[in-house]
Amino acid sequence: MAEAAKEREQLEERLKLKPKPVWDRYDEAMREEAFSFSEGYKAFLDRAKTEREAVEAIKECAQREGFAEIGQGEGRRFYAVNKEKAIALAVLGKKPLREGLRIIVSHIDSPRLDLKQNPLYEDLEMVFLRTHYYGGIKKYHWVAQPLALHGVIVRADGSKLSVKIGEEEGEPVFTCCDLLPHLARRTQEEKKLKEAIEAEKLTALAGHIPYPDEEAKERVKLQVLKLLNEKYGLVEEDFLSAELELVPAAKARDLGFDRSFVAAYGQDDRVCAYCALRAIIEAKEPEFSTLALFLDKEEIGSEGNTGAKSRFIELFVIGLFRVLGQEPSEALLKEVLFRSKALSADVTAGVDPNYKDVHELQNNARMGYGVALCKFTGAGGKYYSSDASAEYVGEIRELLNREGIAWQMTELGKVDEGGGGTVAKYLAIYGMDIIDCGTPLLSMHSPYEVASKADIYETFRAYRAFYRWGEGG
Ligand code: MN
Ligand code: MN
């Protein structure tokens, strides 16, 4: 009997897939590394709540780490900014560029409430800001929350005002008021969750004191405009040429008695962005040239001139050739991108114990089991998906295993429950190998997303290993 048990144990050990929590894999020193990594991450989240602020933060960090603006400086480390909403960093490798790049693509936009272009109105002696939500939000998340206003306003003379109100202690905030439960029965509670709060009712309270002259119309609005004019030189028309975003005013915090999670707004996808940033900073003399792309507009389908469907990557790679004194042909550019290998660095859903029903536990990411690879995204019968080949998955698997990185394979929920996409398919157009690889989150797309510090650190380690591709392996 003892022999049989021993054989069974050996077989199980040798043959079965045995996921192990990252915390069990870590010794004290590794746990400290993961915790200390998350300190820098939380500071980044607080600093970079919008795509523009993320670009600023990434650019400053890159400059500090010896990256020069492409076309302006020399060396091996370069960056380029696309319209203040997307940024690319690169480190030239030992191999020639024509052998392809190692690319990590994340996005730095997050779901939020944008102000409408003509936002200010007064009702019952109160002033409100009309909003138009951006990305996949659940509208009920956005009422009765302290909100901060971030963005830019371009004045009539072309001068630009940066706005950030509601983040510092003592600054005012804004909020979209909710209906009291006492009176919500017919208006909200008997409706479907999705319909209970209408987009047009997501208006943020922004003022209350009237202009003293009782003859004036919309006296509170006039007083608010007067205040904005005195303080910032604004007139109402300036809102028409502005991009203003209401985001949760809360700061990133440790969560749990044991501080094992980070809770914060905007972790989709700034967790992957931060990990990619830290990883490329550590790429000193990589074999292959490495590229980190931080893109905008993923949350609305990668559209526009700052999203993944723009040709920013092509321009940046042309810039890299020029740094090396070469003028690449259209054909060469296509070949380089075709030969490249990429990670679509984006978050995925971690299984929520309260909603196991929407997950398929054998194939969905578990919190604390490491960075999650997603071979394909999309919905239904794998529609609208980029599908990484078995060969490429094999290569990444080999790389991560060799580096001792905790990783898991995932899909976004049960097949019939829904679905979602990432930038992967827009980069796959170039023919490069690409796979989704990122951190599992709880409460994804909510104003307060949750990530495990262990998964965050394994995400960083995975990206760092990816940039080390070809070194001694
Ligand atoms: Mn995302
Ligand atoms: Mn998202």
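The text that follows walks through the structure, step by step, so that each part is easy to find. All values reported here derive from a predicted model rather than from experimental measurement. (Residues numbered from 1 in each chain as written. Chains lettered and ligands numbered in written order. Predicted model: local features only at pLDDT ≥ 70, side-chain atom pairs only at ≥ 80, totals over all residues. Heavy atoms only, no water.)

1. Focus on the packing of aromatic side chains
With the rule as written, the count across this model stands at 15 aromatic pairs. The interplanar angle of 90 degrees and the centroid separation of 5.7 Å between the aromatic rings of F466 and W469 together place this pair among those described as edge-to-face. Just as F466 is buried, W469 falls in that class too. Taken together, the ring pairs connect W23, Y26, F35, F37, Y41, F44, Y274, Y457 and F460 into an aromatic cluster. For the cation-ring pair, R112 lies above Y134, with the distance from its terminal atom to the ring centre recorded as 3.7 Å. For R278, the ring lying beneath its charged end belongs to F460, and the centroid distance is 5.8 Å. (Phe/Tyr/Trp six-rings, centres within 6.5 Å; stacked < 30°, edge-to-face > 60°. Buried < 20%, exposed > 50% of the residue type's maximum accessible area, 1.4 Å probe, protein only. Lys NZ or Arg CZ within 6 Å of the ring centre and 35° of its normal.)

2. Overview of the environment of P447
Mapped onto the elements of the fold, P447 is located in the loop between β22 (440-442) and β23 (449-452). The exposure class assigned to P447 is buried, which follows from its relative accessible area of 6%. In this structure, P447 is in contact with H141, W142, Q145, P248, A264 and Y265, ignoring residues within four places of it in sequence. (Helix = DSSP H or I, 4+ residues; strand = E, 2+ residues; numbered from the N terminus. Contact = heavy atoms within 4.5 Å.)

3. What about the coordination of the manganese ion (ligand 2)?
At the metal site, the manganese ion (ligand 2) is ligated by D268 (OD), E299 (OE), E299 (OE) and H445 (NE2), and these contacts range over 2.1 to 2.5 Å. For the manganese ion (ligand 2), all donor residues lie on one chain, and their spacing in sequence is D-x30-E-x145-H. Here the manganese ion (ligand 2) and the manganese ion (ligand 1) are spaced 3.3 Å apart, with D268 acting as a shared donor. In this pair, E299 sits in the loop between β14 (289-295) and α9 (312-323) while H445 sits in the loop between β22 and β23, placing the two residues 146 residues apart along the sequence. (Donors = N, O, S within 2.8 Å, 3.2 Å for Na, K, Ca; no water.)

4. Some remarks on the sheet that holds strand β10 (residues 203-207)
Hydrogen bonds between backbone groups are what pair the strands of a sheet, and the pairing can be parallel or antiparallel. Within the open sheet, the seven strands sit side by side as β8-β7-β11-β5-β6-β10-β9. Their pairing is antiparallel. Every interior strand has two partners, whereas the edge strands, β8 (160-165) and β9 (175-176), have only one. Of the strand pairs in this sheet, β9 and β10 are connected by two bridges, and their pairing is antiparallel. Opposite C176, over in β10, you have A204 as the bridge partner. (Pairing = 2+ DSSP bridges.)

5. Description of the environment of A57
Here A57 shows up in helix α4 (residues 51-64). C-alpha separation for the pair A57 and F44, spaced 13 residues apart in sequence, amounts to 7.4 Å. Ignoring anything within four residues of it in the chain, the contact list for A57 reads F44, R47 and A48.

6. A few points about a nonpolar patch on the surface
Nonpolar side chains collect at one region of the surface, where L179, L180 and L183 lie side by side and expose about 250 Å² of accessible area between them. Topologically, L183 is positioned in the loop between β9 and α5 (185-189). Classification of L183 by relative accessible area gives exposed; the value is 57%. (Patch = residues over 30% accessible without salt bridge, like charges linked within 9 Å, V, L, I, M, F, W, Y side chains within 5 Å. Areas by Shrake-Rupley, 256 points an atom, 1.4 Å probe, with all protein chains shown as cover. Salt bridge = Lys/Arg side-chain N within 4 Å of Asp/Glu carboxyl O.)

Everything listed here is a matter of coordinates, which is why it stays silent on function.
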